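So the chains spell out like this:
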Amino acid sequence: MTDKEIIQKLIDRDKMVTQKFFYEYCNPLFRSIIHRMFNYPVDYDEFVNELYVYLLEDDAKRLRSFKGECSLLGWLKMVAIRYFMNKKNHDRVIENESTDPPIEKKDEEMTQDNLMEPMLDVETLLSAMPNERYSYVIRKLIIEDMAPEDLAVEMAVTVANLYNIKKRAIAQLTRVALSDITNLKIN
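These notes cover the structure that comes with them. (Residues numbered from 1 in each chain as written. Predicted model: local features only at pLDDT ≥ 70, side-chain atom pairs only at ≥ 80, totals over all residues. Heavy atoms only, no water.)

1. A few points about the packing of helix α2 (residues 15-25) against helix α4 (residues 44-64)
Working step 1: Between α2 and α4, the least distance of the axes is 11 Å, while the angle of their chain directions is 125 degrees. Considering their axes alone, α2 and α4 lie oblique with respect to each other. Crossing geometry of α2 relative to α4 is assigned as right-handed. Note on element contacts: α4 touches α2 through Y44, D45, V48, N49, Y52 and L55, opposite T18, F22 and Y23.
Working step 2: Within the contact of α2 with α4, the residues separate by chemical class into six nonpolar, two polar and one charged. (Axes fitted to C-alpha atoms, helices over the stretch in contact; angles between N-to-C directions. Helix = DSSP H or I, 4+ residues; strand = E, 2+ residues; numbered from the N terminus. Parallel < 35°, antiparallel > 145°, perpendicular 65-115°, else oblique. Left-handed = near helix turned anticlockwise from the far one by under 90°. Contact = heavy atoms within 4.5 Å. Nonpolar A, V, L, I, M, F, W, Y, C, P; charged D, E, K, R; others polar.)

See below:
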């Protein structure tokens, strides 16, 4: 069965294909993601259910966005990581089933300054990048979470080329950030 046929079966909610795909074919990938992203036990079924619901939202918009330019497993890995990282960053992750009481946090007043400081740091690093195109790609894909397909059309490049640009952009951003850290240590 081709990747496109699997996608169509998932959209059609074919129970046999869905079960085999998520619980056999994707099992090693999903267990790896769970292990790397969560520092507490996460129920595999809950992970799969949450991801599948996400993939089927808006008339399976995300599943339909798969263009076959990479492997289905590679594409699904990126989608799952982005989805759960976004949830994690917004404190909406899969529940920790721990019986330990949560750590009490001191109530810190959330001011506009507290919220803006990290964004200013990111903007400072992006503006320090020598290649404006690279900073634009990072801003659109990572900060604004623009769909790669939409940005590729806007920039008049292929999605595959956009991913290459993104890879070089992240490498350049890393060099800028490391240089910034080094400068802070010297001063």
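2. Describing the packing of helix α7 (residues 132-143) against helix α8 (residues 148-155)
Working step 1: Packing of α7 against α8 brings their axes to within 10 Å, and their N-to-C directions diverge by 150 degrees. Taken as a pair, α7 and α8 cross one another with a handedness that is right-handed. When α7 is examined against α8, the residues R133, Y136, V137, K140 and L141 are found in contact with a partner set consisting of P148, L151, E154 and M155.

3. Let's talk about a nonpolar patch on the surface
Working step 1: A surface patch of nonpolar side chains, about 280 Å² in accessible area, is lined by V122, I142, I143 and I170.
Working step 2: By the secondary structure assignment, I170 is in helix α9 (residues 159-186).
Working step 3: Residue classification places I170 among the partly exposed residues on the basis of a relative accessible area of 34%. (Patch = residues over 30% accessible without salt bridge, like charges linked within 9 Å, V, L, I, M, F, W, Y side chains within 5 Å. Areas by Shrake-Rupley, 256 points an atom, 1.4 Å probe, with all protein chains shown as cover. Salt bridge = Lys/Arg side-chain N within 4 Å of Asp/Glu carboxyl O. Buried < 20%, exposed > 50% of the residue type's maximum accessible area, 1.4 Å probe, protein only.)

4. With respect to the pattern of salt bridges
Working step 1: A full pass over the atoms with the stated rule returns four salt bridges.
Working step 2: In this structure, E57 and R62 form a salt bridge, with 3.4 Å as the shortest nitrogen-oxygen distance.
Working step 3: Close ionic contact of D59 with R64 constitutes a salt bridge, the shortest N to O distance being 3.5 Å.
Working step 4: The exposure class of D59 is exposed, given its relative accessible area of 59%.

5. Quick word on the nonpolar core
Working step 1: In terms of nonpolar packing, the biggest core is built from 33 residues, with F22, F30, F47, L51, L63, W75 and L76 touching the most fellow members.
Working step 2: Of all elements in the fold, only α1 (3-11), α2, α3 (27-37), α4 and α5 (72-89) reach the threshold of two or more residues within this core.
Working step 3: Of all the elements, α4 adds the most residues to this core, at ten residues.
Working step 4: Excluding its chain neighbours within four sequence positions, the residues that come into contact with F30 are F22, Y44, F47, V48, L51 and L76.
Working step 5: Of all hydrophobic cores here, the second largest spans 15 residues; its members include I138, M155, L162 and V176. (Core = buried A, V, L, I, M, F, W, Y, C linked by side-chain atoms within 4.5 Å.)

6. Some thoughts on the side chain of R62
Working step 1: Inspection of the secondary structure puts R62 in helix α4.
Working step 2: Judged by its relative accessible area of 18%, R62 falls in the buried class.
Working step 3: For R62, the side chain forms a polar contact with the side chain of Y54, separated by 2.9 Å.
Working step 4: Not counting residues up to four positions away in its chain, the partners in contact with R62 are Y54, L55, E57 and W75. (Polar contact = N/O pair within 3.5 Å; in protein donor to acceptor, adjacent residues only side chain to side chain.)

7. Comments concerning the environment of F38
Working step 1: Within the secondary structure, F38 is located in the loop between α3 and α4.
Working step 2: On the basis of relative accessibility, which here comes to 6%, the residue F38 falls in the buried class.
Working step 3: Separated by 47 residues in the primary sequence, F38 and M85 place their C-alpha atoms 10.0 Å from one another.

8. Some details on the packing of aromatic side chains
Working step 1: The final tally for this structure, using the stated rule, is eleven aromatic pairs.
Working step 2: Pairwise contacts between aromatic rings join F21, F22, Y23, Y25, F30, Y44, F47, Y52, Y54, Y83 and F84 into one cluster. (Phe/Tyr/Trp six-rings, centres within 6.5 Å; stacked < 30°, edge-to-face > 60°.)

9. A closer look at the side chain of S135
Working step 1: Residue placement: S135 occurs in helix α7.
Working step 2: Leave out the neighbours within four places in its chain, and S135 touches L126 and M129.

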